[in-house]
Amino acid sequence: MRHFNERKIAIILLLYIFLIVFLTCNNIQIYINSINVLFWFSMCFYLIYNKNVGKIYINRKYLIFITIILAVYIILYFSLGIYFGFLKSPYNHTVVGFCKNILIEIIPIVGIEMSRYWLLNKNKSNKFSVIFITIIFILIEINFSNIVNASRKSLFIFLCETLIPIIFQNVFFSYLALKSSYILPLIFRISSSLVFIIMPIIPNLDWFINGTFKVLSTVIIYYLFKNKFIICHSKNIRYKDRLAYIVTIAICVLIVCFMVGLFIYEPIVILSNSMFPIFERGDVVIYKKINNEELKDIPENSIIIYTIENKNIVHRVVGKIKNEGTVLYKTKGDNNYVPDSELVKINQIKGIYQIHIKYVGFPSVWLYEHLNNDISAVKTE
Amino acid sequence: MNRVRNVIIGTVIIVILIMVVGYSAFATQLTLNGTAEISGIWDVRIVDVQAQNSSETCDEGEPQFTNNSVIFNAKMKTPGDTITYIITIENRGNIDAILNNVIFKEDDVNGSPAISYEITELANVLSAGEKTNFSVKVKYDKNTTELPSVKTKTITGIVEYVQK
């Protein structure tokens, strides 16, 4: 068999990426899975028999550590479903379907991690080569069908939910491959893929939770790994390091929880001036969620946040109509001449205005206007 | 060491801020589901909704749809009025899909008895790249002789495709 050096292997990987992009752009995606499996199977075969990549020493303490981390990661991920709900898994759970999924998912992972390990360890002294190889593996992981003909909004969601986590994870897997072997990323990736193939339900997470969870969990795992196995010379540096990571992660987790409404207070960005001069476009309003009893007894002049046809509206209560045990609220924007045409039912109300922060929401307003003109986001009408 | 740490922390903060800004802008209309987790290309979605064969006195409204939900508001005036909505589903991924479940139910038991609906059969298998149609026909009972006290009926339908 002909022997390839690392440069030729890198070129083959780049050509493979171009092939996948070409197939995707020409809508010939039906063959991608088969090509993917065949390509990575050949790569595994080549690396094991010609480069002896298969013979790897596994450090037991690494193995135990990554198993614990993995278990916590999976439990945490699935626990999110308790709050956000679960979806039925679209994976086929028959024996044939299961075997097919294993083939499609696992073989490429083995091929990718073996190639990454071999290429990185051949070039570990050269920083630019390490970066270049990591970029190749980031490109390999991207599902280009999500980019072709996608709207700006879909591209943004793809960036946050898929591309950024892929970058973080691949940088981490490259780090693991350099510091240990390909076994650790392999165990991590195969186990998490298997869980999704096997489980009949998966958490119903939106792009924001998915993206932030993957990014933050990758950074936490990186820190735990580094803290446990990489020797640091000074206790002071270690302490500062720990403090910086813990504070950053804690702040990020709190921000994410606040944004998705895990707390009693939730923020909302204002897109119009209907409540001027109280607050205006670009401000962020913080509202308090209220219970069923409070919903029936909202005092007049309160500013409420309610939803109509998937739009959030922030207007003032100007009247209350009680009808056969139900309560309807008449609302109006302070800057509008007439009250709103529709009465607000209590099940449409999300909460009561508490405070607002000036101008903080302008980046969201900008994004709302530039990414997608037809989306119906937060309005005060 | 410090430099690497600061780069990581700085990048995490910037990334989280970008996501927060995006989430604030899109927050109210997210209907994404967990299919994004599949690394094969699973992408079964609604691609079109059209109203057809409506009676003259009907108002079909403007059906709205996202990738995985359709909302239409049919307004009928005369007994015997019908509106048919044709919903097109496409499998844009590369995994064949099979129909797992179809549930159509009336949301409120007190909905108008004069309004009824019919659903046509859906394709059992939706292969990668294929499209399929099904229709929802809404009818105002032609034998109704007086204006019903309840004039609306809300129907929720779930069509669930899973990997073949």
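Chemist: Account for the confidence of the model for chain B, naming residues and giving values.
Modeler: Residues and elements named next belong to chain B. Averaged over every residue, the pLDDT of chain B is 74; residues scoring 70 or more account for 76%. Across chain B, the element-wise mean pLDDT spans from 72 in strand β9 (residues 155-163) up to 90 in helix α1 (residues 2-26). Taken together, the stretch residues 28-39 has pLDDT below 50 and engages in 32 contacts with residues farther than four places along the chain or on a different chain. With a pTM of 0.72, the predicted complex shows an ipTM of 0.85.

Chemist: Could you give an account of the sheet that holds strand β7 (residues 326-332) of chain A, with specific residues and numbers?
Modeler: Pairing in this open sheet of seven strands is antiparallel, and the strands run β3-β4-β9-β5-β6-β7-β8 (chain A) from one edge to the other. In this open sheet, the two edge strands, each paired with only one partner strand, are β3 (265-269) and β8 (344-345) of chain A.

Chemist: Report on the packing of helix α1 (residues 6-25) of chain A against helix α5 (residues 127-141) of chain A, specifying residues and quantitative values.
Modeler: Residues and elements named next belong to chain A. With their axes 10 Å apart at the nearest point, α1 and α5 run at an angle of 30 degrees to one another. Judged by the inter-axis angle, α1 sits roughly parallel to α5. In the packing of α1 onto α5, the handedness of the crossing is left-handed. When α1 is examined against α5, the residues Ala-10, Leu-13, Leu-14 and Ile-17 are found in contact with a partner set consisting of Ile-133, Ile-136, Leu-139 and Ile-140. Grouping the amino acids of the contact of α1 with α5 by side-chain chemistry returns eight nonpolar, no polar and no charged.

Chemist: Lay out the pairing of strand β6 (residues 311-323) of chain A in plain terms, naming residues and giving numbers.
Modeler: All names here are of chain A. As paired strands, strand β5 (residues 303-308) and β6 are joined by six bridges and run antiparallel to one another. Directly across from Ile-304, in β6, lies its bridge partner His-315. Taking the residues between adjacent antiparallel strands as the criterion, β5 and β6 are bridged by two residues, where Glu-309 takes a positive phi near 45 degrees. For β6 and β7, the ladder comprises seven bridges, and the chain directions are antiparallel. Looking across to β7, one finds that Gly-319 is bridged to Lys-330.

How each quantity is defined
- Within any chain, residue numbers begin from 1 and follow the written order of that chain's sequence.
- Chain labels run from A onward and ligand labels from 1 onward, assigned in the order the entries are written.
- The predicted nature of this model means local features are confined to residues of pLDDT at least 70 and side-chain atom pairs, given and counted, to a pLDDT of 80 or more, with totals for whole chains, interfaces and linings taken over all residues.
- Values of pLDDT, ranging from 0 to 100, describe the predictor's confidence in every residue of the model.
- The helix and strand labels rest on DSSP assignments: H or I over at least four residues marks a helix, E over at least two residues marks a strand, and numbering proceeds from the N terminus.
- Each residue is represented by a C-beta atom placed from its backbone, and any two residues with such atoms within 7 Å are regarded as in contact.
- Pairing between strands is defined by DSSP: at least two bridges between the two strands are required.
- Here the axes come from fitting lines to C-alpha atoms, over the contacting stretch only for helices, and the angles between their N-to-C directions go from 0 to 180 degrees.
- In these notes the angle categories are as follows: under 35 degrees is roughly parallel, over 145 is roughly antiparallel, 65 to 115 is roughly perpendicular, and the rest is oblique.
- The sense of a crossing depends on the near helix, which, turned anticlockwise from the far helix by less than a right angle, makes the crossing left-handed and, turned clockwise, makes it right-handed.
- As a working rule, the residues Ala, Val, Leu, Ile, Met, Phe, Trp, Tyr, Cys and Pro are called nonpolar, Asp, Glu, Lys and Arg charged, and the rest polar, with Gly in that last group.

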